[in-house]
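Here are the chains, one letter per residue:
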Amino acid sequence: MFVENKYVEHILSSTALTYKYEPYNLLYPWLGSGLLTGNGHQWAVRRKLITPSFHFRILRDFLHIMNETSGRFMKLLEHESQAAQGAAFDVQALVTRNTIDVICETAMGTRVNSIEGRPSPIVGAIDSLCHIVSERVFSLFKRSDSFFRCTRLYKQQQQALTTLRTEFAQIIEQRRRLIQTASFEAPQLDDELLDAKRPKMAFLDNLLTAEVDGKPLTFEEIFEEVSTFMFEGHDTTASAITFAIWCLAWSPDAQQRAYEEQALMYATADGRERDPTHQELQDMKYLDLVIKETLRLFPSVPFIFRTMREATTICECGQAPAQGHDDWAAYSSHWP
């Protein structure tokens, strides 16, 4: 395991030390060769294909979804807080319901109603698969595919994957029909000219209209990338938000400064509730610092793993053997 920054920099900046296997192989049944688990040329092709989906203009298109979902989440948080009557409750479970609603509506263009407690089968399947991956990571025996196939978790995994594929197939067909009947146009350079009623391009729509070597993506390729996007998007974001809440709770001064920034920003409002604009989000400078400090102390992805395919010399550490593993603990590098 490497914790010193100079060694970490050498590994992460190397074009030769990019191969991923363990423990990413535990995600293969679900994510296949998606962006998180893929390697080599296939990874580069997928990365180039997906990058346009994260352009800030496209993300801004979905601000209304994030605002609307956050409003529903605040009502859920208020309800659960009152129901707890001063007792502790699991805030991360509630935050996860919020992030999965956002990611499903923005990535697939479909609402799953996790916040309202009436979730689609997709929510249960994703929750089950996340639990299974966690169980395998921390169990020496369950990491073995041969042993894992003899457990009840394997059956649960297969059921969850079947549910996701069935639900995704229906959503993909619906989005195909929508794309064929609606006018999906790329955003122009002048954002003010965008028609507010123009159908928004979901992440899934980008995959459905993309081509590799002149051929459209297969269902399996689309399934891998959408699953990767949803897994990484909802889980890491929920972790970051939860730790940010925890940090603010333990830092009353920082909490007060963050509150004052929000109060000042909305001081000119006429008393009515309203959603923040894209520009106002950019102006939340102190809240931005809170989030960055939270991620420094509690990275959403605390470990990064690489597998050596050949013997490699790492700075003055000496030579690492072929098939060896490079592990980087992100939080160890960031703590003073």
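Counting starts from 1 at the beginning of each chain's written sequence and moves along it residue by residue. Given that this is a predicted model, residues contribute local features only at a pLDDT of at least 70 and side-chain atom pairs are listed and counted only at 80 or more, while totals for whole chains, interfaces and linings are drawn from all residues. Excluded from the side-chain calculation are hydrogens and water; included are all heavy atoms of the structure.

**Structural notes on the overall build of the chain**
Secondary structure summary: the chain contains 15 helices and six strands in total. Note on exposure labels: buried denotes an accessible area under 20% of the residue type's maximum, exposed denotes more than 50%, and partly exposed covers the range between, all computed with a 1.4 Å probe on protein chains only. Looking at the 336 residues of the chain, the share that counts as buried comes to 39%. Any two residues whose heavy atoms approach within 4.5 Å at even a single point are treated as in contact. Residue pairs at least 24 apart in sequence account for 63% of intrachain contacts in the chain once pairs closer than 6 positions are excluded. Working definition of accessibility: Shrake-Rupley area with a 1.4 Å probe, residue cover restricted to the visible protein chains. For the chain, the accessible area works out to roughly 19800 Å², and carbon and sulfur atoms hold 56% of it. A helix here means a DSSP run of H or I that spans at least four residues, while a strand means a run of E at least two residues long, and both kinds are numbered starting from the N terminus.

**Comments concerning helix α6 (residues 91–108)**
Between its first and last C-alpha atoms α6 spans 26 Å; for 18 residues at 1.5 Å apiece the expected length is 26 Å, and the two agree. Counting buried positions over the 18 residues of α6 gives 13, a clear majority of the element. Pairs of N or O atoms are called polar contacts if they sit within 3.5 Å, as long as, within protein, a hydrogen donor faces a hydrogen acceptor (for residues adjacent in sequence, only side-chain-to-side-chain pairs). Between a side-chain oxygen at the N-terminus of α6 and the backbone nitrogen of glutamine 92 the separation is 3.1 Å; the capping residue is aspartate 90. Where α6 ends, the next residue or the one after it, glycine 109, has phi of about 70°, a positive value. Multiplying 1.5 Å by the helix residue count minus one yields the expected span of that helix.

**Regarding the environment of aspartate 275**
Locating aspartate 275 in the fold gives a position in the loop between α12 (252–265) and α13 (278–282). Considered as a pair, aspartate 275 and glutamate 68 are 207 residues apart in the sequence and their alpha carbons are 8.2 Å apart. Sequence-distant contacts of aspartate 275, that is, excluding residues within four places in its chain, are made with Asn67, Tyr266 and Glu280.

**Side note on the pattern of salt bridges**
A pair is scored as a salt bridge if a Lys or Arg side-chain nitrogen falls within 4 Å of a carboxyl oxygen belonging to Asp or Glu. Throughout the structure, instances matching the rule amount to 15 salt bridges. Among the salt bridges present, the one from glutamate 224 reaches arginine 46, with a minimum N-O distance of 3.3 Å. Here glutamate 224 is found in helix α11 (residues 219–250), whereas its partner arginine 46 is found in helix α3 (residues 40–50), with 178 residues between them in sequence. Residue glutamate 224 is classed as buried on the basis of its relative accessible area, which comes to 10%. Notably, a salt bridge pairs glutamate 116 with arginine 72, separated by 2.6 Å at the nearest N-O pair. Of this pair, glutamate 116 sits in the loop between α6 and α7 (121–137) while arginine 72 sits in helix α5 (residues 63–84); the two residues are 44 residues apart in sequence, bridging distant segments of the chain. Classification of arginine 72 by relative accessible area gives buried; the value is 11%. A network of salt bridges, in which partner residues are shared, links Glu68, Arg72, Asp101, Arg111 and Glu116.

**Thoughts on the packing of aromatic side chains**
Any two of the Phe, Tyr and Trp rings considered here, Trp counted by its six-membered ring, make a pair once their centres fall within 6.5 Å; the pair's planes then place it as stacked at under 30 degrees, edge-to-face at over 60, or tilted in between. On inspection of all chains with the given rule, the structure shows nine aromatic pairs. With a centroid separation of 5.7 Å and 45° between ring planes, the pair formed by phenylalanine 141 and phenylalanine 147 is classed as tilted. Lying over the aromatic face of tyrosine 24, lysine 20 brings its terminal NZ or CZ to 6.0 Å of the ring centre. Two thresholds decide whether a charge sits over a ring: the Lys NZ or Arg CZ must be within 6 Å of the ring centre and within 35 degrees of the ring normal. Over the ring of phenylalanine 148 we find arginine 136; its NZ or CZ atom is 4.0 Å from the centre of that ring.

**Some thoughts on the packing of α7 against helix α9 (residues 152–181)**
Think of two packed helices as two axes; the pair is described by the angle between the axes and how far apart they sit. Axis lines are fitted through C-alpha atoms, for helices just across the contact stretch, and the angle between N-to-C directions can take any value from 0 to 180 degrees. The contact between α7 and α9 brings their axes to 9 Å, and the two run at 145°. In the packing of α7 onto α9, the handedness of the crossing is left-handed. Residue-level inspection shows Pro121, Ile122, Ala125, Ile126, Ser128, Leu129, His131, Ile132 and Glu135 of α7 in contact with α9, the latter providing Leu153, Gln156, Gln157, Ala160, Leu161, Thr163, Leu164, Glu167, Phe168 and Ile171. Nonpolar residues are Ala, Val, Leu, Ile, Met, Phe, Trp, Tyr, Cys and Pro. Charged residues are Asp, Glu, Lys and Arg, and all others, Gly as well, are polar. Class assignment for the residues of the contact of α7 with α9 results in 12 nonpolar, five polar and two charged. Should the near helix be turned anticlockwise from the far one by less than a right angle, the crossing is termed left-handed; should it be turned clockwise, right-handed.

**With respect to α3**
Quick reminder: α-helices carry 3.6 residues per turn. Residues three or four places apart thus point the same way. When we look at burial in α3, the residues that qualify are Arg46, Leu49 and Ile50. Burial along α3 is one-sided: seen end-on, the buried residues are contained in an arc of 90°. Turned more than 90 degrees off the buried face of α3, the exposed positions are Gly40, His41 and Lys48. Looking at the buried residues of α3, the elements they touch are α10 (203–209), β1 (211–212) and α11. Read the arc as the range of directions from the helix axis to the C-beta atoms.

**Some words on the nonpolar core**
Buried Ala, Val, Leu, Ile, Met, Phe, Trp, Tyr and Cys residues form a nonpolar core when they are joined through side-chain atoms within 4.5 Å. In terms of nonpolar packing, the biggest core is built from 39 residues, with Trp30, Met108, Ile122, Leu164, Val226 and Met230 touching the most fellow members. When residues of this core are traced back to their parent elements, those giving at least two are α2 (28–31), α3, α6, α7, α9, α10 and α11. Listed in part, the six residues of the second largest apolar core include Phe73, Leu76, Leu94 and Ala238.

**Concerning the environment of proline 52**
Position of proline 52 relative to the elements: it lies in the loop between α3 and α4 (56–61). Using a relative accessible area of 43% as the deciding quantity, one classes proline 52 as partly exposed. Separated by 154 residues in sequence, proline 52 and asparagine 206 have C-alpha atoms that sit 8.5 Å apart.

**So, a nonpolar patch on the surface**
Excluding any residue in a salt bridge, patches collect residues exceeding 30% relative accessible area, merging like charges within 9 Å and nonpolar Val, Leu, Ile, Met, Phe, Trp and Tyr side chains within 5 Å. Residues Leu140, Phe141 and Phe147 make up a contiguous nonpolar surface patch of about 370 Å² in total accessible area. Examined against the element boundaries, phenylalanine 147 turns out to sit in helix α8 (residues 145–148).

**Considering unusual backbone geometry**
The phi dihedral of asparagine 113 falls on the positive side, at around 55°, and the residue is not glycine. Mapping asparagine 113 onto the fold places it in the loop between α6 and α7. Here aspartate 213, not a glycine, exhibits a phi torsion of approximately 55°, which is positive. Residue placement: aspartate 213 occurs in the loop between β1 and β2 (215–216). Overall, the relative accessible area of 75% leaves aspartate 213 in the exposed class.

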